[in-house]
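Report on the structure
Here is what each chain is made of, one letter per residue.
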Amino acid sequence: MNTRMKKTAIARGAAALGLLIAAAGCGTAAQTSAQVTIMVPWSGTEFDAFYRVIQDFQNSTHIHVNVEVTRAQTEQLAAAVGADAPPDLAVLPSVGEVDQDAKAGALQPIQGVASSDFLEPFSGLMTVDGKVYAVPVKADVKSLIWYDPQYTAAPPADVSGLQTLAAGHSGFWCLGVESGPTSGWPGADWIADLYLAKNGTTAYENWLTGTSAQWQTVRGAWTEWADLVDGSTKNAATTPFGDAAAGMTANSRPRCELAHGALAAMAFSSDLKPGKDYDFVAPASSTPLEVSADFLGMFTRDNPAAVTLMQYLTSKSAQIAWVKGDGYAFSANKEVPNDVYPGPVEQRIAGLLRPSSGHPLCFGAADMMTPDMSTAFYQAVMNFVEAPTPRDQTITGLLDGLQTSQTSQPSDTPQISPGAICSSPS
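The rules behind the values
- Residues numbered from 1 in each chain as written.
- Predicted model: local features only at pLDDT ≥ 70, side-chain atom pairs only at ≥ 80, totals over all residues.
- Heavy atoms only, no water.
- Phe/Tyr/Trp six-rings, centres within 6.5 Å; stacked < 30°, edge-to-face > 60°.
- Helix = DSSP H or I, 4+ residues; strand = E, 2+ residues; numbered from the N terminus.
- Buried < 20%, exposed > 50% of the residue type's maximum accessible area, 1.4 Å probe, protein only.
- Axes fitted to C-alpha atoms, helices over the stretch in contact; angles between N-to-C directions.
- Contact = heavy atoms within 4.5 Å.
- Nonpolar A, V, L, I, M, F, W, Y, C, P; charged D, E, K, R; others polar.
- Disulfide = S-S within 2.5 Å.

**Describing the packing of aromatic side chains**
A complete count under the given rule lists 25 aromatic pairs for this structure. When the centroid spacing of 5.2 Å and the interplanar angle of 20 degrees are considered together, the rings of phenylalanine 47 and tyrosine 51 count as stacked. Of this pair, phenylalanine 47 and tyrosine 51 are both found in helix H3 (residues 44–61), 4 residues apart, which corresponds to roughly one turn of the helix. Centre to centre, the rings of tryptophan 215 and phenylalanine 377 are 5.1 Å apart; their planes meet at 75 degrees, and the pair counts as edge-to-face. Residue tryptophan 215 is found in the loop between helix H7 (185–209) and helix H8 (219–229), and its partner phenylalanine 377 is found in helix H15 (residues 371–386); the two are separated by 162 residues along the sequence. Taking the relative accessible area as the measure of exposure, tryptophan 215 reaches 0% and is therefore buried. In textbook terms, an aromatic cluster arises when at least three aromatic residues are bridged by ring pairs, as seen for Phe172, Trp173, Trp190, Tyr195, Tyr204, Trp207, Trp215, Trp222, Trp225, Phe377 and Phe384.

Below, the structure written as structure tokens:
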């Protein structure tokens, strides 16, 4: 069975795999000669904003686009690659996956896209052995504290101030860590953010490069997180991350005060007004910020339509159209100016991605790990929020387990180079 036939077979079995297939544009496959398949993890407003960009592409090029949407990106992509039937393009589960798949020959070098067109640290994570293998099509800042300014005063952004606010308040934080196969990631992001702010970029990179990946060094950050969310973890394991911030509104029962994370993770309703119904504070300038990106990779060897779509999605015009939508997308493309974003809240976040912000930027910890290690990190967070045992003993056991997972990684596991994870402000 050839590759195209295998892709068709996978599409027909999509319902069993939990995969949704969407055909972009008004045309049908029979009306177009060129086709491309792309696998993405987005849903809701994130997907809607992306899909409008895809429709513009289809209408202008007459290339038929099949969009495969899955909430289990790691599992679905691994299954498709293992069956020698990957999509032409796919959002990659982690930066660790980029290195792994490129060196295994599954990912293909991307033509016509230069890493120098993108902001750091994203640009440094695009290449393997000097060739571009992944492109950041969507970025965000994770180190943000969200609140409803109609009912809550702007909170401090430092940990000690937040701990003082939260002390003795049950359910103070809007916390949800349920996310299907990747449940736990909101807590993992937060722990990594606290570690980065306290220990700085060098220690953070050392932790993630594998040269000194001693998980017990994360104890302080994990304990700080436990102190912050004490009293807010009761229903966290069963609360979808996108539902948690809804508890900020005055009529919510029970009501919470603050939320941590990227704007896209808040899933604020489109009828809420940024700056009025929700706003954020960021750490003081010079404090390192944790950032993220959705990297797009190419798995096809012989589909010019896939190259055309890749180049389009990473272009200035497509990126501007994307960030103007309602999907809370931010661009790592240097040519996308801040004033194209729909409002002042989004423009402030976009400004944090620029070197002029004064913040060193570091890519999210779990996103830098191999899929096996990020999964272990997420599961440890889930075990913590559900644990009935004394907190300190729980943290010790979880970190010991993560260290065991770390040391059991294959000796040939690709390692991220120190210096590629974080950027320095100008």
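**Quick look at the packing of helix H6 (residues 159–166) against H8**
To describe two helices that pack against each other, one gives the angle between their axes and the distance between the axes. Two numbers describe how H6 lies on H8: the axes approach to 8 Å, and their chain directions differ by 35 degrees. On H8, the residues touching Val159, Leu162, Gln163 and Ala166 of H6 are Glu224, Asp227 and Leu228. For the contact of H6 with H8, a count of residues per class yields 4 nonpolar, 1 polar and 2 charged.

**Quick word on the state of the cysteines**
Applying the stated criterion across every chain, the model contains 2 disulfides. Disulfide partner of cysteine 174: cysteine 256, at an S-S distance of 2.0 Å. Its S-S torsion of about 105 degrees marks the bond between cysteine 174 and cysteine 256 as right-handed, since a negative value means left-handed. Placement of the pair is cysteine 174 in the loop between H6 and H7 and cysteine 256 in the loop between helix H9 (241–244) and strand S9 (259–260), with a sequence separation of 82 residues. The two residues cysteine 174 and cysteine 256 agree in class, both being buried. Here cysteine 362 connects covalently by a disulfide to cysteine 422, the sulfurs 2.0 Å from one another. Taking the sign of the torsion about the S-S bond as the criterion, the disulfide between cysteine 362 and cysteine 422, at about 110 degrees, is right-handed. With cysteine 362 in strand S12 (residues 361–363) and cysteine 422 in strand S13 (residues 422–423), the pair connects residues that are 60 residues apart, well separated along the chain.

**Let's talk about the environment of arginine 348**
By the secondary structure assignment, arginine 348 is in helix H13 (residues 344–352). We classify arginine 348 as partly exposed; its relative accessible area is 38%. For the pair arginine 348 and phenylalanine 280, spaced 68 residues apart in the sequence, the C-alpha separation amounts to 9.5 Å.

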